[in-house]
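Here are the chains, one letter per residue:
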Amino acid sequence: MKFGGNLHRYLQFFIDGWNHFRDPSVESRHSAVYYWREQMKAMFLYTTSKERELPFRSTWHTLVNIQVSICFSTMCYGVTESFGDKVQIGRELAFILGFFFITFKIYYFQWYGDGLDEVVETLDRLHPWAQKGPGAVDYRTGKRWYFLLAFVLASSWMVFLCIFLLLLITSPIWIHQQILPLHAAFPFQWHDKSIHPISHAIIYLFQSWCVVYTLTWLVCIEGLSVSIYVELTFAIEVLCLELRNLHRRCHGYEELRLETNRLVKFHQKIIDLLDRTNNVFHGTLIMQMGVNFFLVSLSVLEAMEARKDPKVVVQFAILMLLALGHLSMWSFFGDLLSQKSLKISEAAYEAYDPTKGSKDVYRDLCLIIRCGQKPLNMRASPFPPFNFINYSAILNQCYVILTFLLNTLD
C-alpha cells in the first residue's frame, strides 16, 4: 500500500470523528475499536499472523524489535555515566521505565496479537449490538456519546503527544547538559558529539525516529485497549435498554420466550468477551499498574530529595501527574464498566411482569438478575480490578512507602 493510502487510513478516525461531531445525524459504521486497529495497521505494527503474511511485515516487525532493544539497552547503559547524581539517575530511571513499558507492549503483542484481533473482530461484527427490525431500541444516543468520547480522547492525546515529542526531540537545543533526546551511552563514545560528530548525528536521528514511532504506536494500542472496554460498556447499555423495553417489543408468550432466551445469550456473550479481553491484556494491565506505581513513587521521592531546586521539583511533579493521569484514566473506564454492569440486574427486574410470560421467561430473567448482581471488572488476576477504590488504595500504599523512605533518608 502506498504512503498516501496509509496516511489516509491513519487519519480516517479523525476525519470521521470530526464529521460525526459536526453533524449529529451522521452515524459511524464502525466503533472506535475498528479505527484504532486501522491506525496500527497503517503503521505496519499490528502484529497478527495475517499481517505477518503481507509483504515486508514480518521483516519490519523484526526491525522494530531490534530498534527498541538497542534504544532500551543504550539507555540502561547510559545510567552508568550518572552515578553520584541522584536527581539525574532518577530522571533517567523514569525514562527507562517509560520506554520499558513501550518495549514490553511491543514484544507482548507479538505473542497475543491473534487473541487481540479475535476480540476486535468479534466486537466489530456485533456492533452496534441492538436487535434490528420493528420495535428496535434507540441506541444512537449512547453510540454517539461513546464514539465522540473516543474521538475527543484520541484528538487530545495526539495534541499532547506532538507537544511532548517536539520538546523531547529539541531538548538538546535548550538543555546544555543534554546531547541526545534520550540520555544513552554507546560503545567507543559514539554518542559524544565532540569526538564522533557523524555517529552522534546518526544516533540523534535514530532516537528521534524511535521515539516518534513508538510513542505514536503506544497511543494507538492504549486507545485500542481502552476502546475495547468502552465498547463492552456500550454493549451493557444496549442490553439494559432491550430489557427495559422487552414487553413493548414482544407480543405473545412464544415471542417473549425467544427474546428472553436471546438476551440471556447476549449477556453471556458480554461476559465471555470480557473474560477473553482480560486474558489478552493480562500482562499489560499488571505491567502498567506496576510502572505507574513506581513512577509515582519515584517522582515524589525525587521531588522531595531535590525540594530546594524548583526546576527539578516541577519536572518530577509533571511526571507524577502524567503517571496519575494514566492510572486515573484506566480506573475511570474500569469503574464505568463495573457500575454499568450492576444496572443489568435492575433492568432485568424491571422487565419482570407476573401478568405476562411463562416459567421459561421468568427463569431467563432470574438468570440475568443473578449473574448481573456480580459486577463485571477490568482486572488481571490475582490483582484487584481497575476502579477508583483500588486507585485510592494504590495511592495510599505509595504514601506509606514514601513516608518510610523519607524517614529512612532523614
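The text that follows walks through the structure, step by step, so that each part is easy to find. (Residues numbered from 1 in each chain as written. Predicted model: local features only at pLDDT ≥ 70, side-chain atom pairs only at ≥ 80, totals over all residues. Heavy atoms only, no water.)

**Side note on the overall build of the protein chain**
Step number 1: Broken down by element type, the protein chain carries 15 helices and zero strands.
Step number 2: Dimensions along the principal axes, computed over C-alpha positions, put the protein chain at roughly 85 × 60 × 40 Å.
Step number 3: When the 410 residues of the protein chain are sorted by exposure, 50% land in the buried category.
Step number 4: Across the protein chain, the fraction of contacts at a sequence separation of at least 24, relative to all contacts at a separation of at least 6, is 79%.
Step number 5: Only carbon and sulfur atoms are counted for the fraction: they give 66% of the accessible area of the protein chain, which is about 20,800 Å².
Step number 6: With 37 positive and 35 negative side-chain charges, the protein chain shows a spacing of 3 Å between the two charge centroids. (Helix = DSSP H or I, 4+ residues; strand = E, 2+ residues; numbered from the N terminus. Buried < 20%, exposed > 50% of the residue type's maximum accessible area, 1.4 Å probe, protein only. Contact = heavy atoms within 4.5 Å. Areas by Shrake-Rupley, 256 points an atom, 1.4 Å probe, with all protein chains shown as cover. Lys, Arg positive; Asp, Glu negative; His and termini not counted. Charge placed at Lys NZ, Arg CZ, Asp CG, Glu CD.)

**Considerations on the pattern of salt bridges**
Step number 1: Scanning the entire structure with this criterion turns up 13 salt bridges.
Step number 2: A salt bridge links D272 to R276; the nearest nitrogen and oxygen atoms lie 3.8 Å apart. Of this pair, D272 and R276 both sit in helix α10 (residues 253-280), four residues apart, which is roughly one turn of the helix.
Step number 3: Residue R276 is classed as partly exposed on the basis of its relative accessible area of 25%.
Step number 4: Several salt bridges share partner residues, and in doing so they unite R37, D117 and E121 into one network. (Salt bridge = Lys/Arg side-chain N within 4 Å of Asp/Glu carboxyl O.)

**Comments concerning the side chain of N278**
Step number 1: Looking at the element boundaries, N278 is found in helix α10.
Step number 2: When its relative accessible area of 9% is taken as the criterion, N278 is described as buried.
Step number 3: A polar contact is formed between the side chain of N278 and the backbone oxygen of N377, at a distance of 3.0 Å.
Step number 4: A distance of 3.4 Å separates a polar atom in the side chain of N278 from the backbone nitrogen of R379. (Polar contact = N/O pair within 3.5 Å; in protein donor to acceptor, adjacent residues only side chain to side chain.)

**Brief notes about a nonpolar patch on the surface**
Step number 1: Taken together, the side chains of V159, F160, I163, L167, I173 and W174 define a hydrophobic patch exposed on the protein surface, amounting to about 670 Å² of accessible area.
Step number 2: Mapped onto the nonpolar patch, the elements with two or more residues apiece are α6 (140-169) and α7 (171-174).
Step number 3: The biggest single contributor to the nonpolar patch is α6, with four residues.
Step number 4: For L167, the location among the structural elements is in helix α6. (Patch = residues over 30% accessible without salt bridge, like charges linked within 9 Å, V, L, I, M, F, W, Y side chains within 5 Å.)

**Concerning the packing of helix α5 (residues 86-126) against helix α12 (residues 310-341)**
Step number 1: Two elements in contact, α5 and α12, have axes whose closest approach is 11 Å; the angle formed by their N-to-C orientations is 25°. Between α5 and α12, the interaxial angle falls into the category roughly parallel. Considering how the two elements wind past one another, α5 and α12 form a crossing that is left-handed. Of the residues in α12, those in contact with V87, G90, R91, A94 and F101 of α5 are V312, Q315, F316, L319 and H326.
Step number 2: Considered class by class, the residues forming the contact of α5 with α12 number six nonpolar, three polar and one charged. (Axes fitted to C-alpha atoms, helices over the stretch in contact; angles between N-to-C directions. Parallel < 35°, antiparallel > 145°, perpendicular 65-115°, else oblique. Left-handed = near helix turned anticlockwise from the far one by under 90°. Nonpolar A, V, L, I, M, F, W, Y, C, P; charged D, E, K, R; others polar.)

**A word on the nonpolar core**
Step number 1: Judged by nonpolar contacts, the single largest core of 117 residues is most densely connected at W36, L116, L224, I228 and L243.
Step number 2: Considering each element in turn, this core owes the most residues, 22 residues, to helix α8 (residues 197-244).
Step number 3: Contacts of L116, omitting those with residues within four sequence positions, involve Y46, F109, I221, L224, I228, V280 and F281.
Step number 4: Ranked by size, the runner-up nonpolar core spans five residues in total, among them L180, A184, F186 and Y204. (Core = buried A, V, L, I, M, F, W, Y, C linked by side-chain atoms within 4.5 Å.)

**Some points on α8**
Step number 1: The first and last C-alpha atoms of α8 sit 70 Å apart over 48 residues, in line with the 70 Å expected at 1.5 Å per residue.
Step number 2: Within α8, 37 of the 48 residues are buried, which leaves the element mostly enclosed by the surrounding structure. (Expected span 1.5 Å × (residues − 1).)

**Here's the deal with the packing of aromatic side chains**
Step number 1: One pass over the full model with this rule turns up 28 aromatic pairs.
Step number 2: Seen from their ring centres, F13 and W36 are 5.4 Å apart, and the 70° between their planes marks the pair as edge-to-face. Of this pair, F13 sits in helix α1 (residues 3-22) while W36 sits in helix α2 (residues 32-42); the two residues are 23 residues apart in sequence, bridging distant segments of the chain. Judged on exposure class, the residue F13 and its partner W36 are both buried.
Step number 3: Aromatic side chains Y108 and Y112 sit 4.5 Å apart centroid to centroid with 15° between the ring planes, which places their arrangement in the stacked category. In this pair, Y108 and Y112 are both assigned in helix α5, four residues apart and thus about one turn of the helix distant.
Step number 4: Residue class for Y108 comes out buried when judged on its relative accessible area of 10%.
Step number 5: Counting every residue linked through ring pairs, the aromatic cluster contains F72, F100, F104, Y108, F109, Y112, Y229, F281, W330 and F386. (Phe/Tyr/Trp six-rings, centres within 6.5 Å; stacked < 30°, edge-to-face > 60°.)

**Description of the environment of E305**
Step number 1: Residue position: E305 is located in helix α11 (residues 282-305).
Step number 2: A relative accessible area of 38% means that E305 is categorised as partly exposed.
Step number 3: As for E305 and I96, which are separated by 209 residues in sequence, their C-alpha atoms are 20 Å apart.

By themselves these figures say nothing about function.
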